[in-house]
Amino acid sequence: HVRHGEPAEIAQAVSMGHADIGISTGRQKAPPNVVTLDAFPIERCVIAPLGHPILKIARPRVEDIARYPIIDYDHDAHTGALLSNLFVNAGVEPNIAVTGTDATAVMAYVEAGIGIAILQKQIFEGLSNRRIRAIDASHLVPTSAAMLLLRKNAYLHAYIYRFIELVAPQWPRSVLEKRLYASGDAS
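Below is a short write-up of the structure. (Residues numbered from 1 in each chain as written. Predicted model: local features only at pLDDT ≥ 70, side-chain atom pairs only at ≥ 80, totals over all residues. Heavy atoms only, no water.)

## Things to note about the sheet that holds strand 6 (residues 117-120)
Here is the rule: Two strands qualify as a pair provided DSSP detects at least 2 bridges between them. Numbering of helices and strands starts at the N terminus; helices are DSSP runs of H or I of at least 4 residues and strands are runs of E of at least 2. For helices, the fitted line uses only the C-alpha atoms of the stretch in contact; every axis is such a line through C-alpha atoms, and the angle between N-to-C directions lies from 0 to 180 degrees.
Spatially, three strands are ordered 6-3-7 in an open sheet, and the strand pairing comes out antiparallel. Sheet topology places strand 6 and strand 7 (132-136) at the edges, where each strand pairs with a single neighbour. Going from strand to strand, the sheet's axes swing by 40° on average, the running direction of each strand aside. Where strand 3 (residues 44-49) and strand 6 come together, four bridges link them in antiparallel fashion. Bridged to Cys45 within strand 6 is Leu119.

## As for the pattern of salt bridges
The criterion, for reference: Definition used for salt bridges: Asp or Glu carboxyl oxygen within 4 Å of a side-chain nitrogen of Lys or Arg. For each residue, the accessible area found with a 1.4 Å probe, counting protein chains only, is set against the maximum for its type, and the residue is called buried under 20%, exposed over 50%, and partly exposed in between.
A full pass over the atoms with the stated rule returns seven salt bridges. A salt bridge links Glu111 to Arg131; its shortest N-O distance comes to 3.9 Å. Here Glu111, found in helix 4 (residues 103-111), pairs with Arg131, found in the loop between helix 5 (121-124) and strand 7; they are 20 residues apart in sequence, far enough to count as distant. Note that Arg173 and Glu177 form a salt bridge whose closest N and O atoms lie 2.9 Å from each other. Of this pair, Arg173 and Glu177 both sit in helix 7 (residues 173-180), four residues apart, which is roughly one turn of the helix. Taking the relative accessible area as the measure of exposure, Glu177 reaches 28% and is therefore partly exposed. Beyond isolated ion pairs, a larger network of salt bridges with shared partners links Arg61, Glu63, Asp64 and Arg67.

## Thoughts on the sheet that holds strand 1 (residues 21-25)
What counts here: Contact definition: two residues touch when any of their heavy atoms are within 4.5 Å.
On the basis of which strands lie adjacent, the open sheet formed by three strands has the order 1-8-2 and antiparallel pairing. Where the open sheet ends on each side, the last strands, each with one partner, are strand 1 and strand 2 (34-42). Averaged over neighbouring strand pairs, the angle between their axes works out to 25° when direction is ignored. By the bridge criterion, five bridges tie strand 1 to strand 8 (residues 144-151) in an arrangement that is antiparallel. Along strand 8, the bridge assignment pairs Thr25 with Ala146. Contacts between helix 1 (residues 7-16) and the sheet are confined to strand 1, strand 2 and strand 8, with strand 1 contributing the most and set at about 160° to the helix. Strand contacts of helix 6 (residues 158-167): strand 1, strand 2 and strand 8, with the helix running at about 20° to strand 1, the strand carrying the most contacts.

Note that all results are geometric; they support no functional claim without further evidence.
Below is the structure:
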């Protein structure tokens, strides 16, 4: 089963044994019995409906984005906090049209023409059937990291190791087991 949750909820579920593995954004403090490992980088893009003027700007500035209605994320979400900081640091007031709770909702609002958004590139890539397009925003929003969360000294099924190798091939089973079953503090 795959469940969705806030970073703190994910860490708690792994810590208590309610989840075998967690994948979370941002670097938050994990419980002492949880190992956190970098999984993959998260870059972002600006998404807009086909033909939107923002798509003609190769490297949009914060001021360019703020000219249009924006689909925002909940500020408890990592991306929502990043976007809030982006506008505050630029001294620009965004025109928030609506706040989405997840990437699927955000993309649906953009596709409906309600506004533009900043989204994780990995989510948008491969969705060529959508009536939305993207331009790079890595110059505006710093790359962050997706993190793997695993409980120390917990047994993991072989399929969990295979899943980890798909999303974070830099963590093969032999290396993971050394981190998970080390006698010292391995977070």
